[in-house]
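Architecture at a glance
In case you want the letters, here they are:
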There are 2 protein chains.
Amino acid sequence: MVRLKDVAQAAGVSASTVSRALSNPELISEATRARVLAAADRLGYRHHPAARALVTGRTGLLAFSVPTLANPFFAPIIAGAQEAAEEAGYELIVAVTDSSPERETALFDRLADRVDGFAAAGPRSPASQLARFARSLPLVTLNRRVRGVDSVIIDTPDGVGRLGTHLAGLGHRKIAYLGGPTGSWLDPRRLRRLREAVPDCAILPLGPFPPEFEAGARTVETVLDAGCTAVIAYNSTLLLGLLHRLTMLGLSTPEDLSLACADDLSAAGLAMPDVTALHVPAAEAGRRTVEHVLSLVASESRSAAHQLLPVELLTRASTGRPRELPMSGG
Amino acid sequence: MVRLKDVAQAAGVSASTVSRALSNPELISEATRARVLAAADRLGYRHHPAARALVTGRTGLLAFSVPTLANPFFAPIIAGAQEAAEEAGYELIVAVTDSSPERETALFDRLADRVDGFAAAGPRSPASQLARFARSLPLVTLNRRVRGVDSVIIDTPDGVGRLGTHLAGLGHRKIAYLGGPTGSWLDPRRLRRLREAVPDCAILPLGPFPPEFEAGARTVETVLDAGCTAVIAYNSTLLLGLLHRLTMLGLSTPEDLSLACADDLSAAGLAMPDVTALHVPAAEAGRRTVEHVLSLVASESRSAAHQLLPVELLTRASTGRPRELPMSGG
DNA sequence: TTGAAAGCGCTACCAC
DNA sequence: GTGGTAGCGCTTTCAA
């Protein structure tokens, strides 16, 4: 193993100088810096992370928790997060909580003195717990807002509202909303914004559902029997199941039922060009979350800042005018 | 922060004794051990990972690389891996390579002196590279076998062979195989085993395909035009697209086309009870891979051992007799 | 069975 | 701008 003192010897300077040349170049003359860098390069010197961590108190590690990886929604989030971490010279510890508050808490606990900061996507722990945790370590939540904790929110509630407006504009008056899994912080907010956006539409909230194909497939009859002419699904997997069952029944979209989805299918290789959906900036959200954590790490400030990321409405062929317009009041 | 010496003081012993009581209890008398543990517990003592790593050379960290997280196939693998790591007191750094050999190599490089061992699912790097890397650090590959590198293989080639036998037994004589992504090590092996299993069947290999819905959907016409009566798809996402398009065309399964899939749909919430598929022990594979890495870490031996995990054939309603039996030679 | 002391590789303070 | 030195928290000889 090549140590600092080996480089120092090779470059004819002291270990302190090498350390500075590598970590605080501005404190060093241009000439010696170049000489040191050349020597380090030649010997193949690498920092010893543990030694550095011991003295600086920084590990160079970040934790990122997600409720599950089975929902491919999180794939681009993690990819974006990893990219941002890498650019800053950090590594990412990805931890799956399985949507369990207990597991999440245990995780916080185990990782607290192993990492410099923590990002939590869709955390399920009680707000008080999260706030307490944020006091001990830089923490940023993604898609959940908690008093006293910095957050990044992808504004799907706004998007769902716009989906509602879009559908109402097409003439729909009864819309089903297929809710997400129990514990989702965003889900009730989406529903509320939907109702606010289309006060003259009847909204049929169904669920909670696990974001699974089968669950989507099973709702078709309910939705049709209730006289809904359009559906907004919590996520793409639900929608896919619904669409499949619909097709099996010989029905078609949008003639028999307009279909829209509150997240983007493309992340999972499930891109379907014809489905009206919200395009969610997932990779960007992962990136922002990590960058936000890093800014907390750097500044040691607890700013309680919140970021809201807009979503894009992709209007496509799966939504159209309902077959028979219900009578409109006069 | 509570340090070793704080506990020592509280327990009325030396720091060395505390260290031993915590890490090598067998070297310590029962009485003092109990006293030390009580004190440590009372003060809420936690190891300082960096300090420990500095002296022992062990970080308590493991790396697990995957080509992508967009394919939910990897979700249970990582869940299983994380579970095994946690049980052994390790944390897992999950790294996404995006199926890029360069990124993978860069990753190995960056992480080599940060972790105690490395697990690589479906690595894309050249064999020589992987072998070289295995010489410098405990490495286990999952679903790729490389000379000189320990591995865990989920035996989907065998499973695909059995799928072929199953289809041939139903009377199919022309079977399409929808291949996976470029660079997959398993894909050509599955195809080969399929051919070996049903030498009297014509096999139409299609692909390579990205494991995406659209790609599956686009193959339907090709498959039917070629006169195939059955399809085996590399993965569930492809199959889903194919099934959807088939249904859209008013065709049904298995009457018009028998459908089978080389991986399990359930991981992604895409479980479809009616599809003949291979049940893949993904979580088990993740767990085994990590356990294998840990055994290398512990023993410092390079045993070059290989594990083969069997898959289960789930015969269900999506496969049946072909509509018209082709004439059989006499 | 226990304690004292050295030192892992690095950074940061204090001199010069 | 550079070098010497102390010390981060822990494990691990070596002595007792």
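The sections below set out a description of the structure shown in this document. For clarity, every value in this text was computed on a predicted model and none was experimentally measured.

The geometry of an aromatic ring pair comes down to the distance between the two centres and the angle between the two planes. Within this structure, the stated rule accounts for eight aromatic pairs over all chains. Pairing Phe73(A) with Phe74(A) gives two aromatic rings, centres 5.3 Å apart and planes at 75°, and the pair type is edge-to-face. For the pair Phe73(A) and Phe74(A), one class covers both residues: buried. Residues Phe108(B) and Phe118(B) carry aromatic rings whose centres are separated by 4.6 Å and whose planes lie at 85° to one another, so their mutual orientation is edge-to-face. Of the two residues, Phe108(B) sits in helix H6 (residues 101-111) while Phe118(B) sits in strand S3 (residues 117-121), which places them 10 residues apart along the sequence. Classification of Phe118(B) by relative accessible area gives buried; the value is 0%. Members of the aromatic cluster, joined through ring pairs, are Phe108(A), Phe118(A) and Phe133(A).

Moving on, we get to the protein's contact with DNA strand C. If you check the shell around DNA strand C, you find 27 residues, and the closest are Leu4(A), Tyr45(A), Thr17(B), Arg20(B) and Thr32(B). Sugar plus phosphate, as a fraction of atoms of DNA strand C within 4 Å of the protein: 67%. At 2.6 Å from a phosphate oxygen of DNA strand C is found a main-chain nitrogen or oxygen belonging to Leu4(A). Contributions of two or more residues to the surface near DNA strand C are made by helix H2 (15-23) and helix H4 (49-56) of chain A together with helix H2 (15-23) and helix H4 (49-56) of chain B. Here the surface near DNA strand C gets five residues from one element, more than from any other, and that element is H4(A).

Here the amide bond leading from Thr253(A) into Pro254(A) is cis, since omega sits at 5°, within 30 degrees of zero. The residue Pro254(A) is located in the loop between helix H11 (236-248) and strand S9 (258-261) in this model. Here Ser99(A), not a glycine, exhibits a phi torsion of approximately 60°, which is positive. Take Ser99(A): it is sitting in the loop between strand S2 (91-96) and helix H6 (101-111). Positive phi values are uncommon outside glycine, yet Asp98(B) reaches one of about 60°. Position of Asp98(B) among the secondary structure elements: in the loop between strand S2 (91-96) and H6.

Let's shift gears to the protein's contact with DNA strand D. Lining the immediate environment of DNA strand D, one finds 27 residues, of which Thr17(A), Arg20(A), Leu4(B), Ser19(B) and Tyr45(B) sit closest. Expressed as a percentage, the sugar and phosphate content of the atoms of DNA strand D within 4 Å of the protein is 63%. Between DNA strand D and Ser16(A) there is a distance of 3.0 Å, counted from a base oxygen to a side-chain nitrogen or oxygen. Where the surface near DNA strand D is concerned, the elements lending two or more residues are H2 and H4 of chain A together with H2 and H4 of chain B. Residue contributions to the surface near DNA strand D peak at five residues, all from H4(B).

For the structure on display, the rule yields 30 salt bridges over all chains. The partner of Glu291(B) in a salt bridge is Arg287(B), with the nearest N and O atoms 3.0 Å apart. One end of the pair, Glu291(B), and the other, Arg287(B), are both in helix H12 (residues 282-299), four residues apart, so they sit about a helical turn from each other. Classification of Arg287(B) as buried rests on a relative accessible area of 15%. A network of salt bridges, in which partner residues are shared, links Glu83(A), Glu87(A), Arg287(A) and Glu291(A).

Turning our attention to the packing of H4(A) against H4(B). With their axes 8 Å apart at the nearest point, H4(A) and H4(B) run at an angle of 140° to one another. In terms of their interaxial angle, H4(A) and H4(B) are classed as oblique. Relative to H4(B), H4(A) is oriented so that their crossing is left-handed. On H4(B), the residues touching Ala50(A), Ala51(A), Ala53(A) and Leu54(A) of H4(A) are Ala50(B), Ala51(B), Ala53(B) and Leu54(B). A breakdown of the residues in the contact of H4(A) with H4(B) according to their chemical character gives eight nonpolar, no polar and no charged.

Rules used throughout
Residues numbered from 1 in each chain as written. Chains lettered and ligands numbered in written order. Predicted model: local features only at pLDDT ≥ 70, side-chain atom pairs only at ≥ 80, totals over all residues. Heavy atoms only, no water. Phe/Tyr/Trp six-rings, centres within 6.5 Å; stacked < 30°, edge-to-face > 60°. Buried < 20%, exposed > 50% of the residue type's maximum accessible area, 1.4 Å probe, protein only. Helix = DSSP H or I, 4+ residues; strand = E, 2+ residues; numbered from the N terminus. Near = heavy atom within 4 Å. Polar contact = N/O pair within 3.5 Å; in protein donor to acceptor, adjacent residues only side chain to side chain. Salt bridge = Lys/Arg side-chain N within 4 Å of Asp/Glu carboxyl O. Axes fitted to C-alpha atoms, helices over the stretch in contact; angles between N-to-C directions. Parallel < 35°, antiparallel > 145°, perpendicular 65-115°, else oblique. Left-handed = near helix turned anticlockwise from the far one by under 90°. Contact = heavy atoms within 4.5 Å. Nonpolar A, V, L, I, M, F, W, Y, C, P; charged D, E, K, R; others polar.

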